[in-house]
Amino acid sequence: FQDQAEQFFRSGHTNNWAVLVCTSRFWFNYRHVANTLSVYRSVKRLGIPDSHIVLMLADDMACNPRNPKPATVFSHKNMELNVYGDDVEVDYRSYEVTVENFLRVLTGRIPPSTPRSKRLLSDDRSNILIYMTGHGGNGFLKFQDSEEITNVELADAFEQMWQKRRYNELLFIIDTCQGASMYERFYSPNIMALASSQVGEDSLSHQPDLGIGVHLMDRYTFYVLEFLEEIHPASQTNMNDLFQVCPKSLCVSTPGHRTDLFQRDPQNVLITDFFGSVRKVEITTETISLDSDLAGFESK
Amino acid sequence: QFQLAVPVAVVFAAGSVPGDLPEPLPFRDVQEMEISVNLRTSITSRYEMVYRRTTAEEEAALDAATAREADAALRPLQDASLGSLTMYVVPETSSLLPQGISVYVGKHRSALVRAGGGLAALRTRLRQLTQVMSFTASSIAAALSDRVPDSQLSPDARRHLKSSLGYEITFSLLNPDPKSHAVDWDIEDAVNRYVQPVLDKLSLVANFSVDSQILYYAVLGVTPRFDKESSSFLLSAHSLPHVINPVEARLGSSAASLYPVLNFLLYVPERSHSPLYIQDKDGAPVSTNAFHSPRWGGIMVYNVEAPASPQASLPLHVDVDMVRVMEVFLAQLRLLFGLSREELPSDFLLESPGNEGLADWELDRLLWTHAVENIATVSTTLTSLAQLLDKIGNIVIKDDVASEVYRAVASAQSAVAELAAGHLHSAFQASKEAVTSSERAFFDPSLLHLLYFPDDQKFAIYIPLFLPMAVPILLSLAKIVREARQRKKEATKMD
């Protein structure tokens with residue numbers, strides 16, 4: 001009976017995916033790239049492999065002529081942590097980060113010539129983490145200064161995903177100004193959303209670095225990352241703790257969250273259900289018996 | 001709302017006919033059972049039973065010494081089409097079935113049932129046997145898992161591999177300590193000898209592609225505990241979930257194929273961590289020394305014996321015993337597909353399928369569930385596509401998308417009809433075609449809703465542009481019309 005109760009509260013997923021999108025380009029938006037790369041690092045550290053991460057970045061920071069430390073992207077001042085590292089695998093870079101490509105990745109309506117690494121091959125037992133950062137407004141998110149995605153389009157894309165059962169549960173995190181407006185229109189089940197600021201509020205950046213000359217991170221993502229650094233693959237921390245991250249005193253903006261579409265109680269949702277990749281295993285107790293002498297050797 | 005028909009032939013051997021038959025042999029009987037999936041969906045299973053006596057050849061075959069020989073002799077005498085079952089009822093005193101066993105299930109599509117207890121008991125046993133060899137309510141519910149409310153599903157209902165057109169199987173040898181062990185595995189020979197026959201049997205279900213690799217310096221993510229009593233290293237059951245992740249990043253996968261990948265890993269522990277055993281929940285070492293993860297694959301730990309003398313030269317040459325390894329991997333492959341032999345009643349004796357890996361009726365089980373799953377997927381996909389088209393009125397449907405939709409509908413209808421008639425093979429093929437067509441139609445790149453503007457957006461863009469321009473134009477048009485009318489009136493006035 002105890003076992004059954006446990007299983008009821010546990011998520012029914014067998015694999016994890018992450019879609020991490022940075023929607024800005026240009027040198028002064030350094031912090032958005034640093035945000036996304038820091039989340040990428042945490043997600044990889046907690047176990048999600050590159051083959052299950054779709055990373056969309058403008059990727060123009062590390063080799064930017066204005067970068068005093070080429071080939072690096074730092075997330076802490078005093079250059080403590082280089083999040084660019086040696087094994088970053090960017091799937092959509094530079095001008096490929098468009099609203100169309102993002103929606104194609106989510107809904108799966110991709111031209112047949114797209115390679116496997118650029119696809120979201122999730123199934124009905126996948127938990128997907130979607131992280132978006134950039135400049136946004138009330139009901140829209142700006143993509144690379146040339147186009148926008150509205151909250152209605154995003155909600156429709158998630159509904160298309162649900163219709164085809166492309167996810168089991170979805171966690172949507174957005175760190176932009178007026179971020180809460182982006183999750184207002186969701187209507188598909190099993191979605192939990194977090195945003196860094198409410199409608200009418202701006203999300204602020206965290207620390208400027210005088211050596212590099214730009215702001216390195218946004219406040220909300222900075223504190224989320226501090227929180228994630230203490231999570232390891234076996235930890236039992238749940239979502240309610242994530243909701244408490246970055247109170248108004250530290251963040252200046254008021255982070256918001258939405259859980260009404262989510263079936264389970266956030267208290268029973270582990271952080272590693274979305275950020276890590278803990279697989280269900282079963283001991284193999286059956287074997288078959290093979291007869292090595294009688295096996296027919298077919299020469300092909 | 002659809003029917004699954006299973007043709008079953010029940011053949012009574014001499015001396016096994018129960019006294020209380022409703023009609024003289026031979027006669028037909030149809031038993032229907034309803035499996036209700038949710039409030040609106042239900043599936044009716046029809047067991048079309050034909051009861052008859054044995055023919056002379058069948059009697060001669062049943063005279064064999066053991067059940068296995070009888071089964072082999074009976075095989076050419078029965079209806080071998082996919083989905084059909086033949087059950088031979090032998091007298092209660094027959095020596096074909098060992099003591100305590102009342103049902104023997106062969107490796108094709110037939111079974112031997114011991115008579116006894118009258119017709120009602122026989123019927124119950126036959127029904128149980130039919131369900132084992134074709135499908136049960138829970139296997140159908142698992143196939144339709146996205147329609148069943150979560151509370152009614154058993155917790156392991158959605159862990160079997162989903163029906164797909166193909167699967168990629170990768171065998172990997174992990175050697176974290178190449179300085180101590182130089183491991184050799186003849187994987188190509190093993191795949192040809194042991195894996196290929198099983199995949200050939202499963203070729204009806206899907207296309208399989210096999211590859212293999214060797215990874216050096218790939219460690220497990222967990223440090224095993226040293227156990228003084230058995231002087232071996234132990235991996236406890238609850239640390240197993242964390243083993244897979246660090247390795248997975250290095251496994252790689254084919255860039256060209258989009259099929260689900262099944263990974264089978266053989267791990268040779270380091271010299272300093274040998275021997276390594278996996279512990280189950282009760283603390284006992286697992287006999288297979290292997291574990292698997294649903295929808296992912298399996299891992300087996302292969303212990304190398306310590307060298308006889310401590311001065312033996314490193315690296316030790318290790319020749320992997322592929323038979324032992326493949327026995328475990330193929331068993332894991334069966335479990336991943338959902339073919340388990342553990343939950344059967346104790347008085348059933350199952351024939352081992354040998355090198356083929358699975359019995360014919362197990363293949364049938366897979367085909368039943370996959371056919372039902374495919375048809376359900378087609379109907380969900382097409383319904384959702386129709387809803388999308390309703391929402392975006394001005395979406396453009398290309399001709400090839402339209403023809404795929406028509407093909408999907410036709411194939412799905414034919415699949416349902418064939419299932420109701422009991423032709424499993426053609427039903428499954430039709431359901432596969434239906435799924436291929438519907439997926440192609442749904443995921444066509446031209447159907448992105450972003451590309452089609454809703455009307456209110458069109459108004460919002462064009463009105464601010466054209467309205468200011470339109471005002472002077474309309475006003476001057478009105479002025480011209482007024483002047484023309486004036487002129488006409490004056491023209492008539494002058495006349």
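Looking at an unreviewed UniProt entry, one finds chain B named PIGS transamidase and attributed to Eurystomus gularis. Taken directly from UniProt, the Pathway (unreviewed entry) text for chain B runs: "Glycolipid biosynthesis; glycosylphosphatidylinositol-anchor biosynthesis."

Chain A is annotated in an unreviewed UniProt entry as GPI-anchor transamidase from Eurystomus gularis. Turning to chain A, the UniProt annotation filed under Subunit (unreviewed entry) states: "Heteropentamer. Part of the GPI-anchor transamidase complex, consisting of PIGK, PIGT, PIGS, PIGU and GAA1. Interacts with GPAA1. Interacts with PIGT; this interaction, via a disulfide link, stabilizes the expression of GAA1 and PIGK and links them to PIGS." In its Pathway (unreviewed entry) section, UniProt records this for chain A: "Glycolipid biosynthesis; glycosylphosphatidylinositol-anchor biosynthesis."

Draft legend 1. Seen up close, the overall build of chain B. The helix and strand inventory of chain B stands at 11 helices and 17 strands. Projecting the C-alpha coordinates of chain B onto the three principal axes gives extents of approximately 125 × 80 × 40 Å. When burial is assessed residue by residue, chain B has 51% of its 495 residues classed as buried. Taking as baseline every contact in chain B between residues at least 6 positions apart, the subset at least 24 positions apart corresponds to 76%. Roughly 23,400 Å² of accessible area belongs to chain B as shown, and the carbon and sulfur atoms make up 55% of that amount.

Draft legend 2. Region of interest: the sheet that holds strand 9 (residues 191-195) of chain A. Residues and elements named next belong to chain A. Across the sheet, which stays open at both edges, the seven strands sit in the order 3-2-1-4-8-9-10 with mixed pairing between neighbours. Sheet topology places strand 3 (92-93) and strand 10 (256-258) at the edges, where each strand pairs with a single neighbour. The pairing of strand 2 (residues 53-57) with strand 3 spans two bridges and is parallel. Across the sheet, the residue bridging to Met-56 is Tyr-92, located in strand 3. Contacting strand 1 (15-22), strand 2, strand 4 (126-133) and strand 8 (169-175), helix 2 (residues 30-45) runs over the sheet at an angle of about 165° to strand 2. Where helix 5 (residues 219-229) meets the sheet, its contacts fall on strand 4, strand 8 and strand 9, and the angle it forms with strand 8 comes to roughly 130°.

Draft legend 3. Main features of the UniProt feature "transmembrane region" (unreviewed entry) in chain B. Here the UniProt-annotated "transmembrane region" (unreviewed entry) positions come out as residues 459-481 of chain B. Secondary structure over residues 459-481 of chain B splits into 100% helix and 0% strand, and the C-alpha atoms at its two ends are 28 Å apart.

Draft legend 4. Region of the structure containing the interface of chain A and chain B. Chain A puts 56 residues into the contact, and the matching count from chain B is 73 residues. Regarding the contact of chain A and chain B, the summed buried area is about 5,600 Å², with carbon and sulfur atoms giving 54% of it. Of all residues in chain A, A:Arg109, A:Arg116 and A:Leu290 bury the most surface against chain B, accounting for 14% of the area lost on that side. Here chain A and chain B share six salt bridges between them.

Draft legend 5. Structural context of the environment of B:Gln387. Residue and element names in this part refer to chain B. Take Gln-387: it is sitting in helix 8 (residues 360-391). Residue classification places Gln-387 among the partly exposed residues on the basis of a relative accessible area of 41%. Expressed as a C-alpha distance, the spacing of Gln-387 and Arg-28, which sit 359 residues apart in the sequence, is 45 Å.

Draft legend 6. Structural view of the environment of B:Leu262. Residue and element names in this part refer to chain B. You can see Leu-262 is positioned in strand 12 (residues 261-267). C-alpha separation for the pair Leu-262 and Ile-169, spaced 93 residues apart in sequence, amounts to 4.8 Å. Those residues within four positions of Leu-262 in sequence are excluded, and the remaining contacts are Leu-161, Glu-168, Ile-169, Thr-170, Trp-296, Leu-333 and Leu-336.

Draft legend 7. Expanded view of a nonpolar patch on the surface. Nonpolar side chains collect at one region of the surface, where B:Phe459, B:Ile463, B:Leu467, B:Val471 and B:Leu475 lie side by side and expose about 500 Å² of accessible area between them. With respect to the helices, strands and loops of the structure, B:Phe459 is situated in helix 11 (residues 455-494).

Draft legend 8. Seen up close, the packing of helix 2 of chain A against helix 5 of chain A. Residue and element names in this part refer to chain A. Between helix 2 and helix 5, the shortest axis-to-axis distance is 10 Å and the interhelical angle comes to 15°. One way to sum up the angle between helix 2 and helix 5 is to call them roughly parallel. Note that helix 2 runs across helix 5; the crossing there is left-handed. For the pair helix 2 and helix 5, the contacting residues are Asn-35, Ser-38, Val-39, Arg-41, Ser-42 and Arg-45 in the first and Thr-221, Leu-225, Leu-228 and Glu-229 in the second.

Draft legend 9. A look at the UniProt feature "active site" (unreviewed entry) in chain A. All names here are of chain A. Under the feature "active site" (unreviewed entry), the UniProt entry names His-135 and Cys-177. Taking the farthest pair of C-alpha atoms as the criterion, the annotated set spanning 43 residues converges on one region, since that pair is 6.4 Å apart. Position of His-135 among the secondary structure elements: in the loop between strand 4 and strand 5 (136-137). Judged by its relative accessible area of 25%, His-135 falls in the partly exposed class. When sequence neighbours within four positions are dropped, the list of residues in contact with His-135 reads Thr-23, Ser-24, Asn-29, Arg-31, His-32, Leu-141, Lys-142 and Thr-176.

Draft legend 10. Structural context of the nonpolar core. Core analysis: the largest hydrophobic core is formed by 95 residues, its most contacted members being B:Phe171 and B:Met326. Sort the elements by how many residues they give to this core and helix 7 (residues 322-337) of chain B lands first, with 10 residues. If near-sequence neighbours (up to four positions away) are discounted, B:Phe171 is found in contact with B:Trp185, B:Ile187, B:Val191, B:Val195, B:Val210, B:Asp211, B:Ser212, B:Gln213, B:Phe264, B:Met326 and B:Phe329. If you look at the next biggest cluster of nonpolar residues, it comprises 52 residues, including A:Ala18, A:Leu55, A:Leu57 and A:Ile173.

Draft legend 11. Molecular detail of a negative patch on the surface. Residue and element names in this part refer to chain B. A cluster of like negative charges, contributed by Asp-184, Asp-186, Glu-188 and Asp-319, occupies part of the molecular surface. Looking at where Asp-184 falls in the secondary structure, it is placed in strand 8 (residues 181-184). Of the residues examined, Asp-184 reaches a relative accessible area of 38% and is grouped as partly exposed.

Draft legend 12. Representation of helix 4 (residues 151-163) of chain A. All names here are of chain A. End to end, helix 4 covers 18 Å across 13 residues, agreeing with the expected 18 Å (1.5 Å per residue, within 8%). The buried fraction of helix 4 is high, at 12 of 13 residues. Of all the residues in helix 4, the buried ones are Asn-151, Glu-153, Leu-154, Ala-155, Asp-156, Ala-157, Phe-158, Glu-159, Gln-160, Met-161, Trp-162 and Gln-163. With its phi angle positive at about 50°, Arg-165 sits one or two positions after the end of helix 4.

Draft legend 13. Fine view of the sheet that holds strand 10 (residues 225-227) of chain B. All names here are of chain B. An order of 10-11-13 is seen for the three strands of this open sheet, with the pairing classed as mixed. Each edge of the open sheet carries a strand with a single partner, namely strand 10 and strand 13 (276-278). Averaged over neighbouring strand pairs, the angle between their axes works out to 40° when direction is ignored. Note that strand 10 and strand 11 (residues 232-235) share three bridges and pair antiparallel. By the bridge assignment, Phe-226 is partnered in strand 11 with Phe-233.

Draft legend 14. A look at the state of the cysteines. Residue and element names in this part refer to chain A. This model, assessed by the stated rule, comprises one disulfide over all chains. Bridging Cys-246 to Cys-251, the disulfide has an S-S length of 1.4 Å. For the disulfide bridge between Cys-246 and Cys-251, the dihedral angle about the S-S bond is near 80°, and by the sign convention the bridge is right-handed. Among the cysteines around Cys-22, which has no disulfide bond, Cys-177 carries the closest sulfur, lying 14 Å off. Of all cysteine sulfurs, the one in Cys-251 lies closest to Cys-177, which takes part in no disulfide; the gap is 12 Å. By relative accessible area, Cys-177 is classed as buried at 18%.

Rules behind the numbers
Residues numbered from 1 in each chain as written. Chains lettered and ligands numbered in written order. Predicted model: local features only at pLDDT ≥ 70, side-chain atom pairs only at ≥ 80, totals over all residues. Heavy atoms only, no water. UniProt positions renumbered as here; feature names shortened; annotations may be inferred. Helix = DSSP H or I, 4+ residues; strand = E, 2+ residues; numbered from the N terminus. Buried < 20%, exposed > 50% of the residue type's maximum accessible area, 1.4 Å probe, protein only. Contact = heavy atoms within 4.5 Å. Areas by Shrake-Rupley, 256 points an atom, 1.4 Å probe, with all protein chains shown as cover. Pairing = 2+ DSSP bridges. Axes fitted to C-alpha atoms, helices over the stretch in contact; angles between N-to-C directions. Buried area = accessible area lost by both parts, 1.4 Å probe. Salt bridge = Lys/Arg side-chain N within 4 Å of Asp/Glu carboxyl O. Patch = residues over 30% accessible without salt bridge, like charges linked within 9 Å, V, L, I, M, F, W, Y side chains within 5 Å. Parallel < 35°, antiparallel > 145°, perpendicular 65-115°, else oblique. Left-handed = near helix turned anticlockwise from the far one by under 90°. Core = buried A, V, L, I, M, F, W, Y, C linked by side-chain atoms within 4.5 Å. Lys, Arg positive; Asp, Glu negative; His and termini not counted. Charge placed at Lys NZ, Arg CZ, Asp CG, Glu CD. Expected span 1.5 Å × (residues − 1). Disulfide = S-S within 2.5 Å.

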